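# Topology and contacts: notes
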Amino acid sequence: HCVFEVLDNSIDEHLAGCCTKIDVTIHVDGSVSVRDNGRGIPVDIHPKWKMPAVELVLTNLHAGGKFGQGAYKYSGGLHGVGAKCTNALSDWFKVEVTRDGKVYHMAFERGKTTEKLSVIGELKNKKNTGTLVTFLPDPTIFTITTEFKFERLATRLRELAFLNPGLEITLVDERDESPKKETFLYKHGIDEFVRQLGENKQVIHPKPINISRQRDEIFVDCVLQYNDSYNDQILCFANSIPNPDGGTHLTGFRTALTKAINQYARSNSLTKDKDPSISGDDVREGL
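A short tour of the structure in this document, coming up. Here the structure is a predicted model, which is why all the values come from computation and not from measurement. (Residues numbered from 1 in each chain as written. Predicted model: local features only at pLDDT ≥ 70, side-chain atom pairs only at ≥ 80, totals over all residues. Heavy atoms only, no water.)

### Some words on the overall build of the chain
Convention followed: Under the DSSP-based scheme used, a helix requires at least four consecutive residues in state H or I and a strand at least two consecutive residues in state E, with every element numbered from the N terminus. Relative accessibility thresholds used throughout: buried, under 20% of the residue-type maximum; exposed, over 50%; partly exposed, between the two (1.4 Å probe, protein chains only). Two residues qualify as a contact provided that any one of their heavy atoms is within 4.5 Å of a heavy atom in the partner residue. Note on areas: Shrake-Rupley with a 1.4 Å probe; residue coverage comes only from the protein chains shown. Under this rule, positive means Lys or Arg and negative means Asp or Glu; His and the chain ends count for nothing. Charged side chains are reduced to one point each, which is NZ for Lys, CZ for Arg, CG for Asp and CD for Glu.
Helix and strand counts for the chain come out as seven helices and twelve strands. Taken along its principal axes, the extent of the C-alpha atoms in the chain is 75 × 45 × 40 Å. Classification of the 287 residues of the chain by burial places 39% in the buried group. Long-range pairs, those at least 24 residues apart, make up 56% of the contacts in the chain with a sequence separation of at least 6. Here the chain displays about 17,100 Å² of accessible surface, and carbon together with sulfur accounts for 53% of that area. The centroid of the 36 positive side-chain charges in the chain is displaced by 5 Å from the centroid of its 39 negative side-chain charges.

Okay, here's the thing in structure tokens:
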């Protein structure tokens, strides 16, 4: 979860149209780093708090880039506490920001600043920007284990790559003698996700049905495909965050699907007026 909180900030950069590549690496010492090619966390001094924005973002609760109007319209998370929690729960936490042709560095231990913001490098190419965060979980807090599971990270990264078409996410595990590496990049996004879910099943129609709509500032993408099994499998997400308990988007989808199929059946005389309506369970069988 600590990794995902840091990762969500990189995903937000992608959603804002400023990041195309994210690298997640599990290091030999058990630490993890997340590097992106986004704009880099701002380093200028905040007028109110009199500290660099990057320090504010990583130490001060409820101060983040998500509260300005329109900065992150579709960001995951809401409270601006994510990366700060990871920082507070880490034995040590380092951040490197590349922007304006300079490389800035800061270090923390258990949420407290140990090394103030300093410039550790200069770049000739000012177009190179990004953020690199490396941290080691605090064993006094995570008493059961501080070990990261490659598969668990891979599952979420694959999901994020499906939900963010064109974003390349690489996961590297350096803990073994021969490092493991997986790259996730899906040009067709959710369509490919649904095709993969149906790979080992007998699908009823080869091409998934794609529906994309925008109303005001809400975008909805829905992809569906039926197979010959009895169960349905519906996965919902909002702003790239999985919603295992559903929500209004799931309720709306179920209602609309049942209604559409019933209307079609009636208007094409596939069911008679005296027949009972087709139930939601019926229309979702094998979905």
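Let's pick the thread back up.
### Notes on helix α1 (residues 2-15)
Stated precisely, the cut-off is as follows: Helix span, expected: 1.5 Å multiplied by one less than the number of residues in the helix.
Look at α1: 20 Å from first C-alpha to last across 14 residues, which is about the 20 Å you get at 1.5 Å a residue. The complete set of buried residues in α1 reads C2, V3, F4, V6, L7, D8, S10, I11, D12, E13 and H14. The first or second residue beyond α1 is G17, which carries a positive phi of 80°.

### Some details on the pattern of salt bridges
Put simply, the rule reads: Salt bridges are defined as contacts in which a side-chain nitrogen from Lys or Arg sits within 4 Å of a carboxyl oxygen from Asp or Glu.
Under the criterion given, the structure shown has 13 salt bridges. Linking D191 and R195 is a salt bridge whose minimum nitrogen-to-oxygen distance equals 2.6 Å. Of the two residues, D191 and R195 are both situated in helix α5 (residues 190-197); the distance of four residues between them amounts to about one turn of the helix. Taking relative accessible area as the criterion, D191 reaches 12% and is therefore assigned buried. Relative accessible area serves as the criterion here: at 38%, R195 is assigned to the partly exposed category. Because the salt bridges share partners, they merge into one network encompassing K21, D23 and E168.

### Digging into the pairing of strand β2 (residues 32-36)
Where we set the bar: Any two strands are treated as partners once DSSP identifies two or more bridges connecting them.
With respect to burial, β2 is a largely interior element, four of its five residues being buried. Hairpin connection, strand β1 (residues 21-26) to β2: the antiparallel pair is bridged by five residues, and G30 has positive phi, about 90°. Bridge count between β2 and strand β6 (residues 130-137): five bridges; the pairing is antiparallel. Across the sheet, V34 pairs through a bridge with V133, a residue of β6.

### Points about the pairing of strand β5 (residues 112-122)
Direction of pairing for strand β4 (residues 102-109) relative to β5: antiparallel, over a ladder of seven bridges. Across the sheet, residue F108 finds its bridge partner in β5, namely T113. In sequence, β4 turns back onto β5 through a hairpin of two residues, with R110 there showing a positive phi of about 50°.

### Focus on the environment of K126
You can see K126 is positioned in the loop between β5 and β6. Of the residues examined, K126 reaches a relative accessible area of 60% and is grouped as exposed. Considering only alpha carbons, one finds K126 and D100, 26 residues apart in sequence, at a separation of 5.5 Å.

### Side note on the sheet that holds strand β3 (residues 90-99)
Counted only if it meets this: Note on definitions: angles span 0 to 180 degrees between N-to-C directions of axes, and those axes are lines fitted to C-alpha atoms, for helices only across the stretch in contact.
Here eight strands make up an open sheet; going across it, the order is β5-β4-β3-β6-β2-β1-β7-β8 and the pairing mixed. Of all strands in the sheet, those with a lone pairing partner are β5 and β8 (180-184), marking the two edges. For this sheet the average axis-to-axis angle between neighbouring strands, irrespective of direction, equals 10°. As judged from the eight bridges shared by β3 and β6, these two strands associate in the antiparallel manner. Counterpart to F93 in the pairing with β6 is F135. Strand contacts of α1: β1, β2 and β6, with the helix running at about 5° to β2, the strand carrying the most contacts.

### Some words on the packing of α1 against helix α4 (residues 150-163)
Heads up, the rule is: Angles are sorted into four bins: roughly parallel if under 35 degrees, roughly antiparallel if over 145, roughly perpendicular if 65 to 115, and oblique for all others. Crossings are sorted by hand: turned counterclockwise from the far helix by less than a right angle, the near helix makes the crossing left-handed, and turned clockwise it makes it right-handed. Each residue receives one of three labels: charged for Asp, Glu, Lys and Arg, nonpolar for Ala, Val, Leu, Ile, Met, Phe, Trp, Tyr, Cys and Pro, and polar for the others, Gly being one of them.
Close contact between α1 and α4 brings their axes to 12 Å; oriented N to C, the two are set at 20°. The orientation of α1 with respect to α4, classified from their angle, is roughly parallel. By crossing handedness, the relation of α1 to α4 is classed as right-handed. On the side of α1, the interface is formed by V3, F4, L7, D8 and I11, while α4 contributes R152, L153, R156, L157 and L160. Tallied by class, residues from the contact of α1 with α4 come to seven nonpolar, no polar and three charged.

### Looking at the nonpolar core
Keep this limit in mind: Residues belong to one nonpolar core when they are buried, are Ala, Val, Leu, Ile, Met, Phe, Trp, Tyr or Cys, and are joined through side-chain atoms within 4.5 Å.
In terms of nonpolar packing, the biggest core is built from 39 residues, with V3, I22, V24, V95 and F135 touching the most fellow members. Residue contributions to this core peak at seven residues, all from α4. Ignoring sequence-local partners within four residues, the contact set of V24 consists of V3, L7, V32, S33, V34, L157, T170, L171 and V172. By size, the runner-up hydrophobic cluster in this structure holds seven residues, among which are L224, L257, V283 and L287.

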